[in-house]
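Single-letter residue listing:
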Amino acid sequence: MNQVLVIGSGGREHALCWRLAQSPSVSKVFCSPGNGGISEVAECVPLRNTQDIIRFCKDNAIALVVIGPEQPLVEGLADQLTAQGIAVFGPSQKAAQLEGSKGFMKAICAKYFIPTAAYGFFTALSEAKAFLKDKNYPLVVKADGLAAGKGVVIAANQKEAEDALSGMFGGLFGDSGKSVVIEEFLQGEEVSYFALCDGENAVEFGYAQDHKRVFDGDEGPNTGGMGAYSPAPIMTPPLRETVMQTIILPTLKAMKKEGCPFKGVLFAGLMLTEDGPMLLEYNVRFGDPETQPLMARYDADLYLALLACSKGGLDKVKISFRKEAALCIVMAAKGYPANYEKGSVIRGIDKANAVDGVMVFHAGTEQRNNQILANGGRVLGITAIGSTIAEAQEKGYKALDLIDWPEGFSRRDIGWRAIAQAAAII
Ligand code: AMP
Ligand code: GLY
């Protein structure tokens, strides 16, 4: 039996810990730092730095470290653990550049003919501004490095693009904006597609659709994601095969050839355009909230699948998802994604969890004196399983309405696109 350590504190990590705790080959799950809900399925341990993590892994014979967020991956945590002989789920620092540098990702796509938006890459403001002349708008301006989801501007005209560039080169995102990608605006529907990779093999690991805007009807500013469902009915079997053959497998081969084989989860942010699926971005970790419906549906041994990404032999591991649909509705603190208060009391989570087929995952929460307090922007993910997305949606909102948290809010239309598509088919 194996002990596992998960790094992170979001809804994604709660869903991973929850599913890992049910894995027949796992005896115990630890999470650093964890949150108020994770502590019900894993022991939360506050490990402050890499040395702490290494010592903890050795003292507790940790069989696998699962790294949730992108920041530690881009900073090389996987390499440091691997160097100590500790098995880790997550790519090396070099391979994590697929997310950590948009310029790196675009250069791989260009060199290996992976379908993505046409682009230019710039390290000087004057050159970037010169590129803007005589272009068709909108155009998309992206800071090269990590920017907490805020480094992408859809510029409606040249002035907006210039302003975005001035902000980025002016230090708005620190070093992340010292170089930029400017790319063609693509039209279509967005899908999150996941593939587990062991450096040699890639296996589809579900797909989902997120809701990035804060308000109903996809209005308001972008967020980390206000809700998601899986599977996404738009992803027909031929489309999934096209994504695997034209995007995922060429990337896996490219990374090996470039001397940085990819191990972990490749999360392709796709735009389904009239010309076929195109890559908007790569993330080198699981999506949040997408992982919440994904884990609600996953029904094989998660530990064995994640371990195989580290050790190889992914092609021989059983990976399977329940046929039912799952849908996650995010509850956030009022004011998110801008300013919001922390510390308000949330009641009724037990009642919501008691609804058949519902699991409430915690993101920004803290347990104190037997109470659950809000401790972040996105706070809860009410996740429901149903025979259809419409049924999962109904159950999800029924559970959500049992939660007593006046300082929180959610969208009321999560799943609208898939439900409209299903209605159109009937
Ligand atoms: P990214 O971080 O690259 O995924 O960008 C964040 C969001 O910006 C995406 O989820 C899309 O909604 C949008 N976006 C990024 N690139 C493009 C593009 N080339 N065309 C249209 N929308 C884009
Ligand atoms: N939900 C999108 C992301 O995790 O980046």
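Since the structure is predicted, the reported quantities are computational estimates derived from the model, not experimental observations. Position labels on residues start from 1 in each chain and follow its written sequence. Note on labels: chains are lettered from A, ligands numbered from 1, in written order. The predicted origin of the model limits local features to residues at a pLDDT of at least 70 and limits the giving and counting of side-chain atom pairs to 80 or more, whereas totals for whole chains, interfaces and linings rest on all residues. Excluded from the side-chain calculations are hydrogens and water; all other atoms, namely the structure's heavy atoms, are used.

Asker: Just to check I follow, could you spell out the sheet that holds strand S3 (residues 43-44) for this structure?
Answerer: Pairing between sheet strands relies on hydrogen bonds along the backbone, with the strands arranged either parallel or antiparallel. Two strands qualify as a pair provided that DSSP identifies no fewer than 2 bridges between them. Helix and strand definitions here come from DSSP, where helices need a minimum of 4 consecutive H or I residues and strands a minimum of 2 consecutive E residues; each element is numbered from the N-terminal end. With parallel pairing, five strands are arranged side by side in an open sheet as S3-S2-S1-S4-S5. The two strands at the open ends of the sheet, each matched to only one other strand, are S3 and strand S5 (88-89). Pairing between strand S1 (residues 2-8) and strand S2 (residues 26-33): seven bridges, direction parallel. The residue bridging asparagine 2 from the neighbouring strand is valine 26, located in S2.

Asker: Just to check I follow, could you spell out the site of ligand 2 for this structure?
Answerer: Taken together, Asp210, Gly224, Phe267, Asn283, Arg285, Gly287, Asp288, Pro289 and Glu290 are the residues near ligand 2. Throughout this description, a polar contact denotes any pair of N or O atoms lying within 3.5 Å of each other; where both atoms belong to protein, one of them has to be capable of donating a hydrogen while the other can accept it, and for residues adjacent in sequence the pair is counted only when both atoms sit in side chains. At 2.8 Å from a nitrogen atom of ligand 2 is found a side-chain nitrogen or oxygen belonging to aspartate 210. Contact between ligand 2 and glutamate 290: a nitrogen atom at 2.8 Å from a side-chain N or O atom of the residue. Using a 1.4 Å probe, accessible areas were evaluated by the Shrake-Rupley method; residue-level cover was limited to the displayed protein chains. Against a free-state accessible area of 200 Å², the protein chains account for coverage of 89% of ligand 2. Residues belonging to the shell around ligand 2 are distributed by class as follows: two nonpolar, three polar and four charged. Near, as used in this document, describes a residue that has one of its heavy atoms within 4 Å of the molecule or strand being considered. Put simply, Ala, Val, Leu, Ile, Met, Phe, Trp, Tyr, Cys and Pro go in the nonpolar bin, Asp, Glu, Lys and Arg in the charged bin, and everything else, Gly too, in the polar bin.

Asker: Would you mind going over the packing of aromatic side chains with me for this structure?
Answerer: Any two aromatic rings considered together are summarised by their centre-to-centre distance and by the angle between their planes. Working definition: rings of Phe, Tyr and Trp (its six-membered ring) pair if their centres are within 6.5 Å, and the pair is stacked with planes under 30 degrees apart, edge-to-face with planes over 60 apart, and tilted otherwise. Scanning the entire structure with this criterion turns up eleven aromatic pairs. Considering the side-chain rings of phenylalanine 122 and phenylalanine 131, the 4.9 Å spacing of their centres and the 55° angle between planes classify their relative orientation as tilted. For every residue, the accessible area obtained with a 1.4 Å probe (protein chains only) is divided by the maximum for its type, and the residue is called buried under 20%, exposed over 50%, and partly exposed between those limits. Assessed through its relative accessible area of 10%, phenylalanine 122 is described here as buried. Given the relative accessible area of 24%, phenylalanine 131 is considered partly exposed. Ring centres of phenylalanine 194 and phenylalanine 286 lie 6.3 Å apart, and the angle between their planes is 40°; on these two criteria the pair is classed as tilted. A residue pair is termed long-range when its members are at least 10 positions apart, and phenylalanine 194 in strand S10 (residues 189-198) and phenylalanine 286 in the loop between strand S16 (276-283) and helix H10 (291-297) qualify at 92 residues. Both residues of the pair, phenylalanine 194 and phenylalanine 286, belong to the buried class. Among the aromatic side chains, those forming a connected cluster through ring pairs are Phe89, Phe194, Phe205, Phe267, Phe286, Tyr298 and Phe321. Only when the NZ atom of a Lys or the CZ atom of an Arg is both within 6 Å of the ring centre and within 35 degrees of the ring normal do we say a charge sits over the ring. Residue placement shows lysine 135 over the ring face of phenylalanine 131; its charged tip is 4.1 Å from the ring centre.

Asker: Please explain the nonpolar core as it appears in this structure.
Answerer: Most often, soluble globular proteins have nonpolar side chains that are buried together. We call a set of buried Ala, Val, Leu, Ile, Met, Phe, Trp, Tyr and Cys residues a nonpolar core when their side-chain atoms join them within 4.5 Å. Counting residues in hydrophobic clusters, the biggest one holds 79 residues, and the most contacted among them are Leu5, Tyr193, Met235 and Ile248. Here, residues are in contact when the closest pair of their heavy atoms is within 4.5 Å. Residues in contact with isoleucine 248, not counting those within four places in the same chain, are Tyr193, Ala195, Ala202, Val243, Leu266, Ala268 and Tyr282.

Asker: Can you help me understand the site of ligand 1 in this one?
Answerer: Of all residues adjacent to ligand 1, which total 14 residues, the nearest are Glu183, Glu184, Leu186, Glu190 and Glu281. Take lysine 102: an N or O atom from its side chain is 3.5 Å from an oxygen atom of ligand 1. Its free accessible area being 470 Å², ligand 1 has 89% of it covered by the protein chains. Among the secondary structure elements, those contributing two or more residues to the shell around ligand 1 are strand S7 (139-143), strand S8 (152-155), strand S9 (180-184) and S16. Partitioned by chemical class, the residues of the shell around ligand 1 number seven nonpolar, no polar and seven charged.

Asker: What is the right way to read the sheet that holds S8 from this model?
Answerer: Here we have four strands laid out as an open sheet, ordered S6-S9-S7-S8, and antiparallel in their pairing. Taken across any chain shown, the strands that pair with only one partner, and hence form the sheet edges, are strand S6 (119-122) and S8. Adjacent strand axes in the sheet meet at a mean angle of 20°, parallel and antiparallel pairs treated alike. As paired strands, S7 and S9 are joined by five bridges and run antiparallel to one another. Along S9, the bridge assignment pairs leucine 139 with glutamate 184. Each axis is a line fitted through C-alpha atoms, taken for helices only over the stretch in contact, and angles between the N-to-C directions span 0 to 180 degrees. Across the sheet, helix H8 (residues 158-169) is in contact with S6, S7, S8 and S9; its angle to S7 comes to roughly 5°.

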